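Each chain, letter by letter, is given below.
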Amino acid sequence: MSTSSLILFNKPYGVQSQFRDDSNNDHTTLSQYFTDKALRVAGRLDATSEGLLILTDDGRVNKAITHPPKANAGRKQGKTYLVQVEGTPTAEQLNKLKRGVVLKDGKTLPAEVKHVSENELPMVLWQRNPPIRERKSVPDSWLMLTIYEGKNRQVRRMTAHVGLPCLRLIRWSVAGFELGELAIGESVRVHLTSEHCRQLGISN
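Throughout this document, residue positions are counted from 1 along each chain, in the order its sequence is written. Two thresholds apply to this predicted model, a pLDDT of at least 70 for residue-level local features and 80 or more for giving and counting side-chain atom pairs, whereas whole-chain, interface and lining totals are computed over all residues. Side-chain figures throughout are based on the complete set of non-hydrogen atoms in the structure, without hydrogens or water.

When you look at the environment of Asp36 in this model, what are you seeing that I'm missing?
Helix and strand labels come from DSSP, where a helix needs a run of H or I of at least four residues and a strand needs a run of E of at least two; each type is numbered from the N terminus. Mapped onto the secondary structure, Asp36 falls in the loop between strand E1 (5–11) and strand E2 (40–41). Residues Asp36 and Lys114, 78 residues apart in the sequence, show an inter-C-alpha distance of 38 Å. Distance and chemistry together define a polar contact, namely a pair of N or O atoms within 3.5 Å, with one atom able to donate a hydrogen and the other to accept it when in protein, and with adjacent residues in sequence counting only for side-chain atoms on both sides. Within the local environment of Asp36, its side chain forms a polar contact with the backbone nitrogen of Ala38, the two atoms lying 2.9 Å apart.

Okay, structure coming up:
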């Protein structure tokens, strides 16, 4: 496993997490950023979401990220998002997210969440294109939210469920790998260490 690697990519808004546009609508895809046909996406990100996308040509790494070992209870494969929401979160709303909320496809696992100011975010944000909608009469806030599962559009549905509609969604980390200072649209190759393998629950 010492020669294996993965790619960390800061996916821009509007880019699909796939290499081919199945809709025939000329959407921007990963093929405009990567030419290696052996790469596979380890955990998709909606086109309208931004941030960390992991790509790898190693099936074991892909499986470890998308289907974490049950022995780890998925805890080490958490995904952390920076979530801009409409409104100011109350303690009750944050506690509901922490305990888990009931969605149409079941109750979410307990999450980690905290209300932060933009200055407390772990990175300097880039200007989104297009910019988010703003209502002068309604404030917006930022949350750092970590989940340990992958229901469809889960974070957006969770915040909406407690009355905090999502305005912008940026994935900051996956399974211990962080976006760091990657600029939007940029990528970096990471060579897996023994510690990475232990963290992912795969043999070195």
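Now, onward.
What should I look at first to understand helix H2 (residues 91–99) in this one?
Owing to its 3.6 residues per turn, the α-helix brings residues three or four apart onto one side. Inspection of H2 places Gln93, Leu94 and Leu97 among the buried residues, and these make up the whole buried set. For H2, the angular spread of the buried residues around the axis is 100 degrees, confining them to a single face. Facing away from the buried side of H2 by over 90 degrees, the exposed positions are Ala91, Glu92 and Arg99. Gly100, located one to two residues past H2, shows a positive phi value of around 110 degrees. Only protein chains enter the accessibility calculation, which uses a 1.4 Å probe. A residue is then buried if its area is under 20% of the maximum for its type, exposed if over 50%, and partly exposed in between. As used here, the arc belongs to the directions running from the helix axis to the C-beta atoms.

Explanation requested: the side chain of Lys151 in the structure shown.
Tracing the chain through its elements places Lys151 in the loop between strand E8 (140–147) and helix H3 (154–161). A polar side-chain atom of Lys151 sits 3.2 Å from the main-chain carbonyl oxygen of Asp105.

Explanation requested: the domain arrangement of the protein in the structure shown.
By convention, interface size is frequently given as the accessible area that disappears when the constituent parts associate. Note: domain ranges come from an automatic or database domain assignment. Domains assigned within the protein are domain 1 (5–69 + 176–200) and domain 2 (79–174). Each of domain 1 and domain 2 has a C-alpha centre, and these two points are 21 Å apart. Contacts: residue pairs with any heavy atoms within 4.5 Å of one another. Taken together, the contacts link 20 residues of domain 1 with 15 residues of domain 2. Each of two parts loses accessible area, computed with a 1.4 Å probe, when they are put together; buried area is these two losses added. Counting the surface lost from both domain 1 and domain 2, the interface buries some 1,500 Å², and carbon and sulfur atoms represent 48% of this. We count a salt bridge whenever a side-chain nitrogen from Lys or Arg sits within 4 Å of a carboxyl oxygen from Asp or Glu. Joining domain 1 to domain 2, the criterion identifies 2 salt bridges. Between Asp46 and Arg153 there is a salt bridge, and its shortest N-O distance comes to 3.1 Å.

Would you mind showing me how to read the packing of aromatic side chains here?
Aromatic rings in a pair are described by how distant their centres are and how their planes are angled relative to each other. When two rings of Phe, Tyr or Trp (its six-membered ring) have centres within 6.5 Å they constitute a pair, described as stacked for plane angles under 30 degrees, edge-to-face for angles over 60, and tilted for the intermediate range. This model, assessed by the stated rule, comprises 2 aromatic pairs. A ring pair is formed by Phe9 and Tyr33, whose centres lie 5.0 Å apart and whose planes are at 55 degrees; its orientation type is tilted. Of this pair, Phe9 sits in strand E1 while Tyr33 sits in the loop between E1 and E2, placing them 24 residues apart in sequence. A centroid spacing of 5.1 Å and a plane angle of 80 degrees characterise the contact between Phe9 and Phe34, whose relative ring orientation is edge-to-face. Placement of Phe9 in strand E1 and of Phe34 in the loop between E1 and E2 is noted, with a sequence separation of 25 residues between them. Pair check on accessibility: Phe9 and Phe34 agree, each one buried.

I would appreciate a short explanation of the pattern of salt bridges in the present structure.
Any two side chains of opposite charge can pair if their charged atoms end up close together. Summed over the entire model, instances satisfying the criterion amount to 7 salt bridges. When the shortest N-O distance is used, the salt bridge between Arg157 and Asp105 registers 2.9 Å. Placement of the pair is Arg157 in helix H3 and Asp105 in the loop between strand E5 (102–103) and strand E6 (106–107), with a sequence separation of 52 residues. In this structure Asp105 comes out as partly exposed when scored by relative accessible area, which is 40%. The closest approach of N and O atoms between Arg198 and Glu195, which form a salt bridge, is 2.5 Å.

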